[in-house]
Amino acid sequence: MKKKYLIPSLMGAVFQLAFPQSTALAQTKLAEVAFLADIHLQDVYAELNSAEFKGVLNPKNGKYATIRTMKSQLNSTRLFNENYFALISALEDLKEKGIKLVVLPGDFTDDGQPMNVLALKKILDHYSQNSEMRFFLTTGNHDPVKPFGGIAGKRDFLGVDGSEQAIAGDKNRFPMTKTAISDQINYWGYQEITHALSRFGFFPSEKDLFWSHPFQELEVDEYSFAKAKETSKLEYRVVHINSSELAIPDASYVVEPVEGLWLLALDANVYVQQEGEWKGSSLGFNQAIDAKKHQLDWIKKVSLEAKKRGKTLISFSHYPLVDFHEQASEEMKILFGNQKFQLARVPSKSISEHYASAGIKLHFAGHMHINDTGIFQSLNNQLTLFNIQVPSLAAFPPAYKIAAFDDQQQVEIETITLNQVDNMQEFFDLYQLEHRWLEENQDPGIWDRSILSSKDYFEYTRNHLLGLTKSRFIPADWPENLASLLQNLGPKEFLIWSKLQEKEAEEFLQKSLKPQHQTGTLNPDPLQVIDDFYLIKNGDEIGKRIIPTERLEYYQAIFSQNQTKTTSQFYPLNQTLHQFFVIFEKLFNSQPSDHFKIDLQENRIEKISD
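Keep in mind that this is a model prediction, so the values were computed, not measured.

A. Quick look at the sheet that holds strand β8 (residues 164–168). Spatially, the three strands line up as an open sheet ordered β7-β8-β9, and their pairing is mixed. Of all strands in the sheet, those with a lone pairing partner are β7 (153–158) and β9 (179–181), marking the two edges. Across this sheet, the average inter-strand angle for adjacent strands is 35 degrees, counted without regard to direction. Of the pairings in the sheet, the one linking β8 to β9 comprises three bridges and is parallel in character.

B. Representation of the sheet that holds strand β10 (residues 210–212) within the structure. With respect to topology, seven strands assemble into an open sheet ordered β10-β13-β14-β17-β18-β20-β19, the strand pairing being mixed. Among the strands making up the open sheet, the edge pair consists of β10 and β19 (372–377). Averaged over all pairs of adjacent strands, the angle between their axes in this sheet comes to 20 degrees, without regard to strand direction. When strand β17 (residues 312–317) meets strand β18 (residues 362–365), the two strands line up parallel, connected through two bridges. Pairing of Ser 315 across the sheet is with His 363, part of β18. Contacting β10, β13 (253–258), β14 (261–266) and β17, helix α9 (residues 294–308) runs over the sheet at an angle of about 175 degrees to β14. Sitting on the sheet, helix α11 (residues 349–357) is in contact with β19 and β20 (384–389), with an inclination near 75 degrees to β19.

C. Highlighting the pattern of salt bridges. Taken as a whole and assessed by the stated rule, the structure comprises 29 salt bridges. For Lys 154, the salt bridge is made with Asp 111, and the minimal N-O distance between the two is 2.4 Å. Here Lys 154 is found in strand β7, whereas its partner Asp 111 is found in the loop between β5 (101–105) and α4 (114–131), with 43 residues between them in sequence. Accessibility classification places Lys 154 together with Asp 111 in one group, the buried group. Note that Glu 330 is salt-bridged to Lys 333, the shortest N-O span being 3.5 Å. In this pair, Glu 330 and Lys 333 are both assigned in helix α10 (residues 329–336), three residues apart and thus about one turn of the helix distant. We classify Glu 330 as exposed; its relative accessible area is 51%.

D. Structural context of the packing of helix α14 (residues 480–488) against helix α16 (residues 502–513). Contact geometry for α14 and α16: axes closest at 10 Å, N-to-C directions at 85 degrees. Here α14 lies roughly perpendicular to α16, going by the angle between them. Residues Asn 481, Ser 484 and Leu 485 of α14 pack against Leu 509, Ser 512 and Leu 513 of α16.

E. Local environment of the confidence of the model for the protein chain. Per-residue confidence for the protein chain gives a mean pLDDT of 92; residues scoring 70 or more make up 93%. Of the regions scoring below 50 in pLDDT, residues 1–25 engages in 52 contacts with residues more than four places distant in sequence or in other chains. Scored below 50 in pLDDT, residues 516–522 shows 13 contacts in the model against residues more than four places distant or in partner chains.

F. Highlighting helix α12 (residues 428–440). Here α12 is 13 residues long and its end C-alpha atoms lie 18 Å apart, about the 18 Å a rise of 1.5 Å per residue gives. Residues of α12 that are buried sit in contact with β3 (56–58), β4 (63–65), α2 (70–73), β7 and α13 (457–477).

G. Seen up close, the side chain of Asp 443. With respect to the helices and strands, Asp 443 occurs in the loop between α12 and α13. In terms of polar contacts, Asp 443 uses its side chain to reach the side chain of Lys 71, at 3.2 Å. Discounting chain neighbours no more than four positions away, the residues touching Asp 443 are Lys 71, Trp 437 and Leu 438.

Reading the values: rules and limits
Residues numbered from 1 in each chain as written. Predicted model: local features only at pLDDT ≥ 70, side-chain atom pairs only at ≥ 80, totals over all residues. Heavy atoms only, no water. Pairing = 2+ DSSP bridges. Helix = DSSP H or I, 4+ residues; strand = E, 2+ residues; numbered from the N terminus. Axes fitted to C-alpha atoms, helices over the stretch in contact; angles between N-to-C directions. Contact = heavy atoms within 4.5 Å. Salt bridge = Lys/Arg side-chain N within 4 Å of Asp/Glu carboxyl O. Buried < 20%, exposed > 50% of the residue type's maximum accessible area, 1.4 Å probe, protein only. Parallel < 35°, antiparallel > 145°, perpendicular 65-115°, else oblique. pLDDT = per-residue confidence, 0-100. Expected span 1.5 Å × (residues − 1). Polar contact = N/O pair within 3.5 Å; in protein donor to acceptor, adjacent residues only side chain to side chain.

Pasting the structure below:
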């Protein structure tokens with residue numbers, strides 16, 4: 001059974017829904033490409049070459065583990081340790097599926113440190129040599145953190161007694177902390193990272209049918225691997241900062257790995273110098289459009305050349321090109337604040353229009369650790385840009401995407417979740433050691449040990465998200481009154497509120513905030529609205545699958561009732577709760593993001609129900 005969706009049109013234009021049967025019969029598959037985003041790989045058994053610390057002995061295998069604490073994981077938007085095994089599980093899955101082309105759109109390592117980059121290289125080399133996979137990488141804000149590298153360190157490795165162990169490249173990095181010294185924890189820059197991973201897209205390969213970069217002419221007919229190799233040196237691929245002598249590399253490239261398919265890798269990292277230090281940004285194309293102005297002209301040339309030659313052009317970058325909140329970002333800024341929920345990372349509509357005008361129609365991105373399909377349409381309906389947010393392997397939902405391309409500009413995209421991950425529990429005994437230390441030292445950061453009861457990797461990342469929501473997201477991003485209401489009201493109370501007029505609704509909510517109503521007596525079984533909100537915001541259709549059907553139906557009833565409510569600033573609690581459910585409804589009623597098909601010629605999207 002297939003369910004079809006209209007693309008939202010700002011001008012109300014109607015799109016044809018059915019894919020023509022005659023076109024389907026003439027299709028020829030070009031390639032299948034897997035997209036694995038935000039791996040954040042850390043070498044969990046690294047050779048630190050440090051006199052002070054070589055890791056913590058893992059009794060399960062006799063190796064010395066170089067892992068981060070569970071406390072640090074539960075305060076981060078990503079895992080640091082188990083994602084190492086998740087990557088291997090994903091690649092094993094791709095090997096079984098026979099997928100040969102794999103894209104890694106940035107943040108492929110934790111922070112671009114030598115030990116992590118070389119660990120990734122070892123893994124990719126293995127699958128290249130033994131499974132004939134080809135990998136195509138682009139940079140993220142975590143690799144490189146600084147364009148030319150530098151001294152770095154982390155305070156939160158797990159120490160031999162269960163406490164935190166600091167590791168740094170210099171003793172002055174953490175002068176007040178007992179620190180192990182290792183150059184393996186320093187930042188590598190563009191030169192070191194791209195050199196180590198040179199076989200994975202950053203430079204041309206003899207296997208490529210075509211390869212080029214923004215600082216050379218697109219000589220497709222006269223393409224020569226020898227010339228491409230010579231002109232691909234990083235020293236020829238730099239952009240000057242504000243017309244000054246300061247210049248940083250741009251690792252963008254376009255490659256034709258198989259006949260008919262062009263992959264456009266966009267390096268949208270932006271760096272500025274502050275007091276002599278290079279600092280990176282995480283805002284992506286919102287800044288790159290000015291800092292790397294040359295890219296738009298190059299993209300236009302590439303897209304025109306691809307169209308002329310009948311090539312399917314697919315762009316990928318670490319950063320998104322379309323709003324990934326189902327067009328709810330403006331409402332979220334009003335309710336939560338401009339700097340909350342990482343809203344500064346949302347591309348503006350003008351950004352989407354500029355890159356759509358340059359010729360990009362389908363873009364794959366990471367960075368946000370979410371599963372989403374975003375669609376931009378220009379006011380005149382002449383431009384459409386599909387943005388596919390690839391989830392992270394290091395967060396909920398742990399998943400990757402496979403895109404099957406054909407010669408009729410139709411793309412089938414399937415999201416594959418990681419459920420069973422071999423060796424997921426390899427460090428759980430060590431986490432128990434950490435938990436005992438925190439308990440004995442009455443550390444306020446002690447975490448809920450129930451996460452170690454997770455039955456599989458999917459549940460583990462879900463529990464990570466639930467823990468992160470409580471420890472970080474709610475305190476940092478949510479208005480206190482709104483969080484209190486959502487955590488204390490139950491299904492019955494929300495329904496009562498939804499049917500009340502403004503003044504009565506405000507009085508009802510005010511009463512629920514009184515201390516005597518926040519002790520559990522009002523609602524001993526809260527609705528878990530905030531948890532469900534994050535499951536849907538981060539997981540979209542994947543998140544919906546694990547929310548009970550009756551609760552999904554309940555939310556739809558609340559949304560329907562909320563549409564009839566009137567609000568004003570004179571009744572702030574009522575207005576705030578109304579705004580929240582407006583946002584929640586937009587995220588709830590999303591575009592297909594799990595298994596779907598896109599027609600790039602007709603600008604149509606179709607959900608595929610398995």
